[in-house]
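Residues per chain are reported as follows:
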Amino acid sequence: MNESRDNNIMASVFEAAMLVCFGLSWPFNAHAAWKARTAVGTSWLFLLLISVGYLFGIAAKFIGGTINWVLIVYFLDLGLILLNWAIYFRNRHLDRIAAKRRASVK
């Protein structure tokens with residue numbers, strides 16, 4: 001019985017480590033996108049698939065009854081991806097403004 005509990009703890013540690021590795025990339029991506037000031041080269045489909053993946057992971061924790069501290073990491077990662085979404089929409093807005101300026105100059 002104790003071995004099963006130890007295995008569950010290790011599985012949670014590895015799951016959290018995976019989420020931390022993914023999550024660490026989002027601030028770098030957000031910073032680069034913020035500085036770029038354009039949505040060109042940003043894939044909304046990629047952001048959508050990652051977002052849905054995190055939501056499925058959260059749902060799996062609830063459905064599987066494995067609600068533990070790892071759920072916090074899921075929500076932190078989801079928050080970081082939401083930040084990337086916000087920057088994406090900001091950059092799309094900036095792209096539209098730039099396109100209008102270019103069109104008015106012609």
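Details of the structure are given in the entry above.
Reference entry: report on the structure contained in this document.

How each quantity is defined
Residues numbered from 1 in each chain as written. Predicted model: local features only at pLDDT ≥ 70, side-chain atom pairs only at ≥ 80, totals over all residues. Heavy atoms only, no water. Helix = DSSP H or I, 4+ residues; strand = E, 2+ residues; numbered from the N terminus. Rg over C-alpha atoms; globule rule 2.2 N^0.38 Å. Buried < 20%, exposed > 50% of the residue type's maximum accessible area, 1.4 Å probe, protein only. Contact = heavy atoms within 4.5 Å. Areas by Shrake-Rupley, 256 points an atom, 1.4 Å probe, with all protein chains shown as cover. Lys, Arg positive; Asp, Glu negative; His and termini not counted. Charge placed at Lys NZ, Arg CZ, Asp CG, Glu CD. Salt bridge = Lys/Arg side-chain N within 4 Å of Asp/Glu carboxyl O.

### Details of the overall build of the chain
Thinking step 1. Counting its secondary structure elements, the chain contains three helices and zero strands.
Thinking step 2. Tracing the chain from N to C terminus, the helices and strands come up as α-α-α.
Thinking step 3. For a compact globule of 106 residues, the expected C-alpha radius of gyration is about 13 Å, and the chain comes in at 19 Å, more than 25% above that figure.
Thinking step 4. Along the three orthogonal principal directions, the C-alpha set of the chain runs to about 75 × 25 × 15 Å.
Thinking step 5. Per-residue burial over the chain gives 26% buried out of 106 residues.
Thinking step 6. Across the chain, contacts joining residues at least 24 apart in sequence account for 78% of those joining residues at least 6 apart.
Thinking step 7. Looking at the chain as shown, the accessible area adds up to about 7,500 Å², and 71% of this sits on carbon and sulfur atoms.
Thinking step 8. For the chain, the separation between the mean place of its 11 positive charges and that of its 5 negative charges on side chains is 28 Å.

### Here we look at the pattern of salt bridges
Thinking step 1. Counted under the stated rule, the structure contains one salt bridge.
Thinking step 2. Between Lys61 and Glu15 there is a salt bridge, and its shortest N-O distance comes to 3.1 Å. One end of the pair, Lys61, is in helix α2 (residues 44-63); the other, Glu15, is in helix α1 (residues 2-36), with 46 residues separating them in the sequence. Residues Lys61 and Glu15 agree in their burial class; the two are buried.

### Digging into the side chain of Asn91
Thinking step 1. With respect to the helices and strands, the residue Asn91 is situated in helix α3 (residues 70-105).
Thinking step 2. Apart from residues lying up to four places away in sequence, Asn91 is in contact with Ala33, Trp34, Arg37, Thr38 and Ala39.

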